[in-house]
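Analysis of the macromolecular model
Each chain is listed here by its residues.
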Amino acid sequence: MITGHIFIATSLDGYIARPDGDIGWLLQRDDPSEDHGYDEFIADKDCIVMGRGSYEKALGFDPWPYDRPVLVLSRRLAGTAVPAALEGRVSFSDATPQQAMAQLAAQGVRRVYVDGGQLVQSFIRAGLVEDVVLSTVPVLIGAGRPLFGALARDVALALVASRSFPSGLVQSTYRFLR
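Residues numbered from 1 in each chain as written. Predicted model: local features only at pLDDT ≥ 70, side-chain atom pairs only at ≥ 80, totals over all residues. Heavy atoms only, no water.

1. Quick word on the sheet that holds strand S3 (residues 47-51)
Read across the sheet, 8 strands follow the order S5-S4-S3-S6-S1-S7-S10-S9 without closing on themselves; strand pairing throughout is mixed. A strand with exactly one partner marks an edge of an open sheet, and here the two such strands are strand S5 (90-93) and strand S9 (157-164). Across the sheet, the mean angle from the axis of one strand to that of its neighbour is 20 degrees, orientation sign disregarded. Strand direction decides the pairing type here: strand S1 (residues 3-11) and strand S7 (residues 129-137), joined by 8 bridges, are parallel. Of the residues in S7, the one forming a bridge with Gly 4 is Val 129. (Pairing = 2+ DSSP bridges. Helix = DSSP H or I, 4+ residues; strand = E, 2+ residues; numbered from the N terminus. Axes fitted to C-alpha atoms, helices over the stretch in contact; angles between N-to-C directions.)

In structure tokens:
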């Protein structure tokens, strides 16, 4: 069975980015001496599924930060060519989250890292997420792109673990209850 997993950071007031997509508030508070567990998290993931906004942000990093296949779900990018430097590592699709997970499962993918605000929201609404590692950064940015959007019903979660770091970052892992 294929499962979706989230590893993401928010400001204390629940935003993943400023209204214009800027994440400087997050990058400037990243303490390289702290191990927030990303390497451990990603180690057992077969694939990354992300939205267009996350993909476009990742294009600005040098080198490309991902060492496993990336599927970008985007109506705008679907049918366009992948940059030559990313051929064989990135693909574009306009599939729904359910369709994408079914296609990936048929390819033998079992554990998927889901990244990107709107995409995370759609995967949660579709019931395709197993757990979330949520890092809360001690800063209020006042406005921006929220991690969680409108829901048709309550979504129950169970706290699995929580830890704090000297920088003030608090990281909690939740399992989605069905």
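2. Some points on helix H5 (residues 117-125)
Burial within H5 is extensive, with 7 of its 9 residues counted as buried. Where H5 ends, the next residue or the one after it, Gly 127, has phi of about 70 degrees, a positive value. (Buried < 20%, exposed > 50% of the residue type's maximum accessible area, 1.4 Å probe, protein only.)

3. Some thoughts on the pattern of salt bridges
For the structure shown, the criterion picks out 5 salt bridges. Its salt-bridge partner being Lys 45, residue Asp 44 comes within 2.6 Å of it at the nearest N-O pair. Using a relative accessible area of 37% as the deciding quantity, one classes Asp 44 as partly exposed. Residue Lys 45 is classed as buried on the basis of its relative accessible area of 5%. In this structure, the salt-bridge partner of Asp 44 is Arg 111, at a minimum N-O distance of 2.9 Å. A residue pair is termed long-range when its members are at least 10 positions apart, and Asp 44 in the loop between helix H2 (38-42) and S3 and Arg 111 in strand S6 (residues 111-115) qualify at 67 residues. (Salt bridge = Lys/Arg side-chain N within 4 Å of Asp/Glu carboxyl O.)

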